[in-house]
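Each chain, letter by letter, is given below.
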2 protein chains.
Amino acid sequence: MKTITLNEAAKSLSQNDDILVLMHKSPDGDAIGCAYGLCMALRKLGKKAMPVCSDTVSEKYDYITSKLPIQSFEGKYIVTVDLADTRLFGEKLEKYKDCVDLCIDHHGSNTGYARESVVDGASGACAQIVYKIIRLMNVDIDRDIANAIFTGICTDTGCFKYSNASAESYRMAAELIDEGAESTFINRIMFDTKSRARIEIECLALQTTEFYADGKIAVICITNEMRRQSGADDYDTEGISGIPRQIEGVKIGITVNERESGKFKISARSAGDVDVSSLCAVFGGGGHKAAAGCVIEGDLESAKKKIVGAAEKVLTGKI
Amino acid sequence: MKTITLNEAAKSLSQNDDILVLMHKSPDGDAIGCAYGLCMALRKLGKKAMPVCSDTVSEKYDYITSKLPIQSFEGKYIVTVDLADTRLFGEKLEKYKDCVDLCIDHHGSNTGYARESVVDGASGACAQIVYKIIRLMNVDIDRDIANAIFTGICTDTGCFKYSNASAESYRMAAELIDEGAESTFINRIMFDTKSRARIEIECLALQTTEFYADGKIAVICITNEMRRQSGADDYDTEGISGIPRQIEGVKIGITVNERESGKFKISARSAGDVDVSSLCAVFGGGGHKAAAGCVIEGDLESAKKKIVGAAEKVLTGKI
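Residues numbered from 1 in each chain as written. Chains lettered and ligands numbered in written order. Predicted model: local features only at pLDDT ≥ 70, side-chain atom pairs only at ≥ 80, totals over all residues. Heavy atoms only, no water.

Asker: Quick question: what am I supposed to make of the environment of B:Asp55 here?
Answerer: Residue and element names in this part refer to chain B. By secondary structure assignment, the location of Asp55 is in the loop between strand 3 (49-52) and helix 3 (62-65). When its relative accessible area of 33% is taken as the criterion, Asp55 is described as partly exposed. The spacing of Asp55 and Gly90 is 35 residues in sequence and 7.8 Å in space, taken between C-alpha atoms. When near neighbours in sequence (up to four residues on either side) are disregarded, Asp55 contacts Lys25, Ser26 and Pro27. A polar contact of 2.6 Å, which involves the side chain of Asp55, links it to the backbone nitrogen of Ser26. (Helix = DSSP H or I, 4+ residues; strand = E, 2+ residues; numbered from the N terminus. Buried < 20%, exposed > 50% of the residue type's maximum accessible area, 1.4 Å probe, protein only. Contact = heavy atoms within 4.5 Å. Polar contact = N/O pair within 3.5 Å; in protein donor to acceptor, adjacent residues only side chain to side chain.)

Asker: Can you walk me through the packing of aromatic side chains in this structure?
Answerer: Remark: the centre distance and the inter-plane angle together describe each pair of aromatic rings, the angle taken between the planes. All names here are of chain B. Following the criterion strictly, the structure yields 13 aromatic pairs over all chains and no others. A centroid spacing of 5.3 Å and a plane angle of 85° characterise the contact between Tyr63 and Phe185, whose relative ring orientation is edge-to-face. Of this pair, Tyr63 sits in helix 3 while Phe185 sits in helix 7 (residues 183-191); the two residues are 122 residues apart in sequence, bridging distant segments of the chain. Here Tyr63 falls in the buried class, since its relative accessible area comes to 11%. The interplanar angle of 35° and the centroid separation of 5.2 Å between the aromatic rings of Phe160 and Tyr170 together place this pair among those described as tilted. With a gap of ten residues between them, Phe160 in the loop between helix 5 (143-156) and helix 6 (167-178) and Tyr170 in helix 6 connect regions that are remote in the sequence. Across the pair, exposure class does not vary: Phe160 and Tyr170 are buried alike. (Phe/Tyr/Trp six-rings, centres within 6.5 Å; stacked < 30°, edge-to-face > 60°.)

Asker: Help me out: how do you make sense of the sheet that holds strand 1 (residues 2-3) of chain A in this one?
Answerer: Pairing between the strands of a sheet is mediated by backbone hydrogen bonds and can be parallel or antiparallel. Residues and elements named next belong to chain A. Within the open sheet, the six strands sit side by side as 1-6-5-4-2-3. Their pairing is parallel. Of all strands in the sheet, those with a lone pairing partner are strand 1 and strand 3 (49-52), marking the two edges. Strand contacts of helix 2 (residues 29-44): strand 2 (19-22), strand 3, strand 4 (77-81) and strand 5 (102-105), with the helix running at about 170° to strand 3, the strand carrying the most contacts. (Pairing = 2+ DSSP bridges. Axes fitted to C-alpha atoms, helices over the stretch in contact; angles between N-to-C directions.)

Printed below as a string of structure tokens:
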């Protein structure tokens with residue numbers, strides 16, 4: 001593995017053709033924005049370029065994906081974006097594990113699997129790095145490229161709300177709007193649209209809110225009965241686990257999500273001041289300091305009791 | 001009323017002293033950010049300056065308000081910010097109705113009550129105009145001013161999500177972060193923290209959701225009974241009016257908010273594609289294209305019927 005500069009990455013891309021840009025499995029807005037934005041830019045330089053992924057891209061990104069007609073060719077230069085580890089390639093991309101030419105990433109934890117890498121852990125979104133490289137390739141940035149890159153930045157920074165949203169993130173967003181990015185439309189799709197089923201299940205889940213440890217722990221439940229009643233699917237419940245932590249005074253927000261009979265998926269969230277990954281590790285799970293998960297078997301009440309008991313210990317420093 | 005330029009406004013402010021900066025009743029983040037940010041800047045020029053409001057400023061803005069020690073003086077130059085109409089002065093500020101020297105506002109509907117006015121209806125937040133004026137006064141912008149102005153911009157643009165968030169909004173946010181604005185902290189307080197009472201009343205309000213016009217209109221209600229039940233105050237219900245519009249397929253989101261007996265405050269929201277200010281104008285109200293309000297008297301059902309009837313006409317182009 002060799003670390004290269006943004007300029008060198010731009011040069012490598014400019015000197016190659018028949019480029020495949022790999023995304024991680026379950027691709028999110030940043031992965032999609034980077035891969036499609038980069039391919040659009042490379043095509044503007046007359047090259048063949050195509051994003052590839054083990055999973056299907058959600059329809060909500062149609063405004064990006066529909067702007068890049070499919071090209072079929074044998075990949076000669078393999079690039080990855082927003083991809084920290086070959087374990088995230090997924091089945092379809094397995095075959096590229098040992099032949100990645102260039103990796104563009106913003107995960108400090110990047111395993112260095114590529115021949116050449118540009119990794120900037122301080123970058124809020126990988127799309128910010130891709131944007132810099134596209135500029136260095138002297139591509140005339142159009143609305144579609146701007147939309148793709150803006151999507152990467154706004155989704156990975158939680159609509160500029162997370163701590164990774166820097167002055168650079170905001171400044172690039174401004175430039176991208178000048179270049180045609182439809183920021184209002186994109187933010188609305190990504191952050192401001194809820195299905196009726198989502199509103200309904202959110203409401204049902206919120207009605208189950210219980211507080212423990214003097215209000216420092218909040219727990220909500222999502223049951224299969226609520227799914228039936230609201231018609232909500234997994235896509236509708238995305239992000240609900242962030243709600244209990246938002247309640248004033250709450251240090252640990254817990255969501256107990258009923259899955260197949262007898263199994264409860266637990267999501268724990270903190271503001272980063274309490275380590276919930278150690279909480280979930282008690283039950284064989286894990287994650288980040290501010291967001292972690294585990295699975296507990298049993299019935300709803302006993303699952304709740306177990307996770308709350310452990311959470312109380314985390315708060316008092318016993319775990 | 002005389003319309004003046006940003007430069008002239010900066011000059012007027014520079015040439016005067018003992019300045020009172022008036023906020024509208026029930027002050028929001030933009031009003032507070034503008035008033036406090038401007039007063040901080042004026043004090044840096046050695047002037048006496050104090051924000052005034054008919055209502056108390058919520059504690060969640062302590063990080064702004066605590067940075068401006070109270071000054072007591074007889075106001076000699078009266079300024080209003082983010083204040084479209086003297087009807088929004090509230091009781092305590094009544095006495096200033098006919099003696100406002102300078103109005104700085106971003107409501108196109110501004111009634112022109114001041115001797116001199118700078119109104120830019122294209123500005124996402126009034127704080128963007130105030131920021132320009134502060135810069136023109138050659139004030140060295142510090143962290144506290146940056147925090148105040150950033151708060152105005154992020155709250156009025158819904159964390160940069162609404163259609164009024166322009167490239168300028170993002171660019172100024174970037175500059176303010178460079179100048180010390182604690183964007184992550186502010187965004188967390190403003191958009192990622194909910195009181196228990198808020199969670200409860202949001203849930204109660206969502207249970208009242210009704211759809212009209214093939215799902216293009218969604219209406220929710222907030223009643224005094226819900227306030228009693230949840231213990232929610234006006235601050236707790238702030239922003240709830242944004243929810244009905246978020247529902248998939250909804251063009252006009254309406255919140256019917258019961259006030260004193262027999263009066264209903266209506267908030268209407270669109271994604272900017274439908275003009276809700278003309279909808280509210282039917283009932284003597286107004287606002288922006290994407291966010292407007294009015295008051296309807298009567299009982300809940302008749303208020304709902306009236307606003308929905310008018311909203312249906314707006315959708316079919318009859319209003």
